[in-house]
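Summary of the model geometry
Residues per chain, in single letters:
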Amino acid sequence: MDDIERLSEKAFPNGDIYSGDFKALLPNGKGKYTWSDGTIYEGDWEEGKMTGKGQIIWSKGAKYEGDFSGGYLHGFGTFTIPEGSFYSGAWRMNVQHGIGRKRYSNFDTYEGSWNEGVHEGCGTYCWCGGNTYIGHWKAGKMSGTGVMKWVNGDLFDGLWLNGFRHGSGTYRFADGGSYIGTWSRGLKDGKGTFHPAGSKHPTLNKWCSSLGYDDGKNFLSHNLSLNSEEGRAPTQSVKCGLSEKISIGGILKNTGRKSHNSSLLDKNQNLCDPARDFTCHESSGMSSHTSDEGQHEVHDNNTLVYEREYLQGILIKERVRKYAELTCKTKQRKTFNVKKAIRSSCLDIFKGNRSYYLMLNLQLGIRYTVGKITPVPMREVRYSDFGDRARIRMYFPRKGSQFTPPHYSIDFHWKDYCPMVFRNLREMFKLDAAEYMMSMCGDDGLRELASPGKSGSIFYLSHDDRFMIKTLKRSELKVLLKMLPKYYEHVKEHENTLITKFFGLHRITLRGGKKVRFVVMGNMFCTELRVHRCYDLKGSSIGRATDKDKIDQTTTLKDLDLSYEFHMDKSLREFLLRQIHLDCKFLESQQIIDYSLLLGVHLRAPEQKTLLETGDDAISQGELMIPPTRLALVNHEPNILSKTPGPHSRGTVLRAYSLGDKEVDLLLPGTGRFRVQLGVNMPAQAHCKPHHGEADSEVELFKVYDVVLFMGIIDILQEYNVKKKLEHACKSLRHDPLKISVVEPKLYAKRFNDFLKTVFPDLP
């Protein structure tokens, strides 16, 4: 302590004053620094920097008291401003970071996790009007799972994105009604079920009681959608005086004046109050004239429920059903799914956690293979690259080895087929090796699809939805290896091919000799647009219809379920059908049958001026309208396109006859501008046609929709085998002769092409 010098007061030429302890001519210990404008810091110092406990009071009245480190607000502290706002919690480098509570000057409050000055993680936001959100945040906006409860009693529990309801969720009205469905950017989008007051869905009972929801409230409810576009929390910025060492030569120099502008510390930005800034108004569809007894009665078999479908907030279809029918449908679906899961569980290795281990093994193997093949200089493939010796093999013991890292999965043997071929295919489709590994092997990992395939295959999706992984049968593996040389040539020659894009072929062998084969494919539905319909089209009518009672949001429909004709630009249609014909010729040459066109349809709401009303007690902000949804073809401008996700960058930009045979982009108001390619972002008009077996209770409110199409040819690993097909036909003949469907590749290709010409008809 002998080297500590105590100064009663030290004045500087710029008017600043310091009094306190010094060490080696730098403030160290206790001290008080007063800037010429009146800002004062009093507390601990270390080597010329504010470090430890202290308090700073700005000239305009703002105040911080708490921890400092290196001249920054760092640790735990409380910041207040005279207007009434305060924050108490964790800080890092002058910004809120960690757990903390903030009250804004309008008396809104947020309590929860912060990251670099914005809400991130779990937290609770309470508006001064009484509305409350509890859930996840990202970049200052509600994102992830969360519950919003409005002061009028309405409640939403579901998924959020950028401050809007986005994804699946349940909206509970104050009068007892509920809607279970999906939303996009704050608007209902997709299929859902509305249960009027008095007919609560059984699965909601425990959910409501666990949230303390009062079912006895009887009044017309309003869905007050939160608009939080400006919901960013304040960014903190403090320039640290004395955060640099103070040079002393008789007097203190370069004091590094500390910013006293407290407004930089607290911009006092708060989220819009959903009781005043609405973008939508809904009601449960019933005024609350039902009695309390009726509100709690849920076993009335005559109660009606409404299966509805919305497009960007506009109701396009409604089907009225009795409550008993819906309950029966749910039970049947659960029974069906259980049986299906048991039947299609593939091998015993998928029971328990084995599927999870397979996923880890797959990631370890892909990381090893891509890392090994990427440094090899790029070259054209050779005949030997397709041969039996073109394999990478490695053993991955749990404890690790000289060539493999330790891991938490089970021991396995890895085999990678034709690595140079698939490396070139990835390059051909402009996939960066690092991005490919991050998508497949990143910390977020893969996720298994809930429903296994009909064949018993298990599917995984990469965390960014760009890639799909499917387990293969041994016969399918052999077909792919056999056709791989010709497939490579076809893909290289036809950059617009619609055939499935393959990026890797692998095998895992577990202890006991169990072998699991995987193929990595591009996910053609990797898009920010919601795919409202998905069809698997073969051009056949035998067994090509789906039971309506088993259809849900994830169901892939079949040929007889298709109730639309798609009218396209003349040039786009010609390009599409020509490429389908070329792809079918290739598959025919490889003796492949039973392939399908997987067609995804994004529907745009019919354009109409729909008023987005506010609540009765809201402060009117003027008439808010649903933005226009009509799509448009515009001249191609690559520099202003929205980023195209997925492996879709290869292929030419299409030309449209309607724009003078010029290259075009697709413009979707309120969504973005997209590159138009074969099979990706293809605009069309969907015209409804009479639907086979359509129920009288289902009402289609519109007959024409603007649509965006995504498509590709899938299931190309079924090789034609006359003997096997004939044997199957003979067995089927004993039961139902109509089930015989033995079609040789040439006839299958013709039937397939002819059918698609009716799906995409030629316009006069």
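Each remark here, short or long, concerns the structure printed above.
Residues numbered from 1 in each chain as written. Predicted model: local features only at pLDDT ≥ 70, side-chain atom pairs only at ≥ 80, totals over all residues. Heavy atoms only, no water.

Considering the overall build of the chain
Applied cut-off: Segments assigned H or I by DSSP are reported as helices when at least four residues long, segments assigned E as strands when at least two residues long, and all are numbered from the N terminus. The buried label applies to any residue whose accessible area, calculated with a 1.4 Å probe on protein chains only, is under 20% of its type's maximum; exposed applies above 50%, and partly exposed to all values in between. The contact criterion used throughout is that any non-hydrogen atoms of two residues lie within 4.5 Å. Using a 1.4 Å probe, the Shrake-Rupley method yields the accessible areas, and only the shown protein chains count as cover for residues.
The helix and strand tally for the chain stands at 10 helices and 41 strands. The proportion of buried residues among the 764 residues of the chain is 51%. Contacts spanning at least 24 positions in sequence make up 57% of the contacts within the chain whose residues lie at least 6 apart. Total accessible area on the chain stands at roughly 36,000 Å², and carbon and sulfur atoms take up 52% of it.

Details of the packing of aromatic side chains
As a reminder of what qualifies: Geometry of aromatic contacts follows a simple scheme: Phe, Tyr and Trp rings, the Trp one being its six-membered ring, pair when their centres are within 6.5 Å, and the pair is stacked under 30 degrees between planes, edge-to-face over 60, tilted otherwise. Note on criteria: charge over ring means Lys NZ or Arg CZ within 6 Å of the ring centre, with the direction from the centre no more than 35 degrees off the ring normal.
Going through the model one piece at a time under the given rule, you end up with 45 aromatic pairs. Seen from their ring centres, Phe12 and Tyr33 are 6.0 Å apart, and the 25° between their planes marks the pair as stacked. A residue pair is termed long-range when its members are at least 10 positions apart, and Phe12 in the loop between β1 (4–11) and β2 (17–23) and Tyr33 in strand β3 (residues 26–34) qualify at 21 residues. Taking relative accessible area as the criterion, Tyr33 reaches 1% and is therefore assigned buried. Geometrically, the ring pair formed by Tyr64 and Phe68 is edge-to-face, given 5.2 Å between the ring centres and 85° between the ring planes. Phe68 matches Tyr64 in its accessibility class, with the two residues each being buried. A cation over a ring is seen here: Lys188 above Tyr179, with NZ or CZ 4.2 Å from the ring centre.

What about the packing of helix α5 (residues 419–428) against helix α7 (residues 474–493)?
For clarity, the threshold we go by: Here an axis means a line fitted to C-alpha atoms, over the contact stretch when the element is a helix, while the angle between two N-to-C directions is reported on a 0 to 180 degree scale. Any angle that is under 35 degrees is reported as roughly parallel, and any over 145 degrees as roughly antiparallel; angles of 65 to 115 degrees are reported as roughly perpendicular and all others as oblique. Left-handed describes a crossing whose near helix is turned anticlockwise from the far helix by less than a right angle; the clockwise case is right-handed. Polarity classes work like this: nonpolar for Ala, Val, Leu, Ile, Met, Phe, Trp, Tyr, Cys and Pro, charged for Asp, Glu, Lys and Arg, and polar for all others, with Gly in that last group.
At a minimum axis distance of 11 Å, the contact between α5 and α7 shows a crossing angle of 15°. Accordingly, the angle class assigned to the pair α5 and α7 is roughly parallel. As for how α5 packs across α7, the hand of that crossing is left-handed. Taking contact as the criterion, the partners of Val421, Phe422, Asn424, Leu425 and Met428 in α5 are, on α7, Leu484, Tyr487, Tyr488, Val491 and Lys492. The residue makeup of the contact of α5 with α7, split by class, is eight nonpolar, one polar and one charged.

Things to note about the side chain of Arg544
Test applied: Any pair of N or O atoms that falls within 3.5 Å is considered a polar contact. Within protein, one atom must be able to donate a hydrogen and the other to accept it, and sequence-neighbouring residues count only if both atoms are side-chain atoms.
Note that Arg544 resides in the loop between β30 (533–537) and β31 (564–567). Side chain to side chain, Arg544 and Asp559 meet in a polar contact 2.7 Å long. Once residues lying within four places of it in the same chain are set aside, the contact partners of Arg544 are Asp536, Leu537, Lys538, Lys558, Asp559, Leu560 and Asp561.

A closer look at α7
The line we're drawing: Here, expected helix span is obtained from the residue count minus one, scaled by 1.5 Å.
Across its 20 residues, α7 extends 29 Å between first and last C-alpha, which sits within 8% of the 28 Å expected from 1.5 Å per residue. Turning to α7, its buried residues number three or more, namely Glu476, Leu477, Val479, Leu480, Met483, Leu484, Tyr487, Tyr488, His490 and Val491. Buried residues along α7 sit against β24 (412–417), α5, β27 (467–472), β28 (502–510), β29 (515–522) and α8 (570–589).

Considerations on the side chain of Lys415
Heads up, the rule is: The charged-residue count follows a simple rule in which Lys and Arg add positive charge and Asp and Glu add negative charge, with His and chain termini not counted at all. Salt bridges are defined as contacts in which a side-chain nitrogen from Lys or Arg sits within 4 Å of a carboxyl oxygen from Asp or Glu.
Within the secondary structure, Lys415 is located in strand β24. Despite being buried, Lys415 has no salt bridge partner; Asp388 is the closest side chain of opposite charge, sitting 8.6 Å away. Ignoring any residue separated from it by four or fewer positions in sequence, one finds Lys415 in contact with Arg391, Ile392, Arg393, Leu505, His506 and Arg507.

A few points about the nonpolar core
The test is simple: What makes a nonpolar core is a set of buried Ala, Val, Leu, Ile, Met, Phe, Trp, Tyr and Cys residues whose side-chain atoms join them at distances within 4.5 Å.
Formed by 113 residues in total, the largest nonpolar core has its most connected members in Phe566, Tyr595, Leu709, Ile716 and Phe760. Membership of the second largest hydrophobic core comes to 36 residues, among which are Phe12, Trp45, Phe79 and Tyr133.

Some thoughts on the packing of α8 against helix α10 (residues 745–759)
Between α8 and α10, the least distance of the axes is 9 Å, while the angle of their chain directions is 165°. Considering their axes alone, α8 and α10 lie roughly antiparallel with respect to each other. Along this stretch, α8 crosses α10, giving a crossing that reads as right-handed. Where α8 approaches α10, its residues Arg573, Leu577, Ile580, His581, Cys584 and Glu588 are matched on the opposing element by Pro745, Lys746, Ala749, Phe752, Asn753, Leu756 and Lys757. Taken together, the residues of the contact of α8 with α10 break down into seven nonpolar, two polar and four charged.

Let's talk about the sheet that holds β30
We count it as follows: Note on pairing: DSSP must find at least two bridges between two strands before they are called paired.
Reading across the sheet, the five strands line up as β30-β32-β41-β39-β31 and stay open at both edges, with antiparallel pairing between neighbours. A single partner strand is all that each edge strand has here, and the edge strands are β30 and β31. Neighbour to neighbour, the strand axes of the sheet diverge by 35° on average, direction disregarded. Looking at chain direction, strand β39 (residues 682–688) and strand β41 (residues 704–714) are connected through six bridges and run antiparallel. Bridge pairing links Gln685 to Asp706 in β41.

Remarks on unusual backbone geometry
Residue Met93 is not a glycine yet carries a positive backbone phi of 50°. Unusually for a residue other than glycine, Glu116 sits at a positive phi of about 50°. In this structure, Glu116 sits in the loop between β10 (109–115) and β11 (118–126). Overall, Glu116 belongs to the partly exposed group, its relative accessible area being 38%.

Some thoughts on the pairing of strand β8 (residues 86–92)
Burial runs high along β8: five of the seven residues are buried. Relative to β8, strand β7 (residues 72–80) runs antiparallel, the two sharing six bridges. Bridging across to β8, Gly75 finds its partner in Trp91. Inspection of the sheet shows β8 paired to strand β9 (residues 95–103) by six bridges, in the antiparallel sense. Looking at β9, one finds that Gly89 is bridged to Gly100.

Description of the pattern of salt bridges
Counted according to the given criterion, the structure contains 22 salt bridges. Its salt-bridge partner being Lys492, residue Glu380 comes within 3.1 Å of it at the nearest N-O pair. Of this pair, Glu380 sits in the loop between α4 (354–373) and β23 (391–396) while Lys492 is found in helix α7, placing the two residues 112 residues apart along the sequence. For Glu380, a relative accessible area of 46% translates into the label partly exposed.

Concerning the sheet that holds strand β26 (residues 459–462)
One open sheet accounts for seven strands, arranged β23-β24-β28-β29-β27-β26-β25; its pairing is antiparallel. Both edges of this open sheet fall to β23 and β25 (446–448), since each of them pairs with a single strand only. When strand polarity is set aside, the average angle formed by the axes of neighbouring strands in this sheet is 25°. Strands β23, β24 and β28 of the sheet are contacted by α5, whose axis makes an angle of about 145° with β28.

Focus: the environment of Phe459
Turning to its location among the elements, Phe459 is positioned in strand β26. In sequence terms Phe459 and Leu449 are 10 residues apart; their C-alpha atoms lie 5.7 Å from each other.

With respect to the environment of Pro638
Take Pro638: it is sitting in the loop between β35 (632–635) and β36 (655–656). The class of Pro638 is exposed, set by a relative accessible area of 53%. Distance in space between the C-alpha atoms of Pro638 and Arg673 is 9.7 Å, their sequence separation being 35 residues.

Examining helix α6 (residues 433–441)
Quick reminder of the rule: Regarding the arc, it is the one traced by the directions from the helix axis to the C-beta atoms.
Those residues of α6 that sit buried are Tyr436, Ser439, Met440 and Cys441. Along α6, the residues classed as buried sweep out an arc of 160° about the axis, all on the same side. A distance of 3.0 Å separates the backbone nitrogen of Ala434 from a side-chain oxygen at the start of α6, and that oxygen is part of Asp432.

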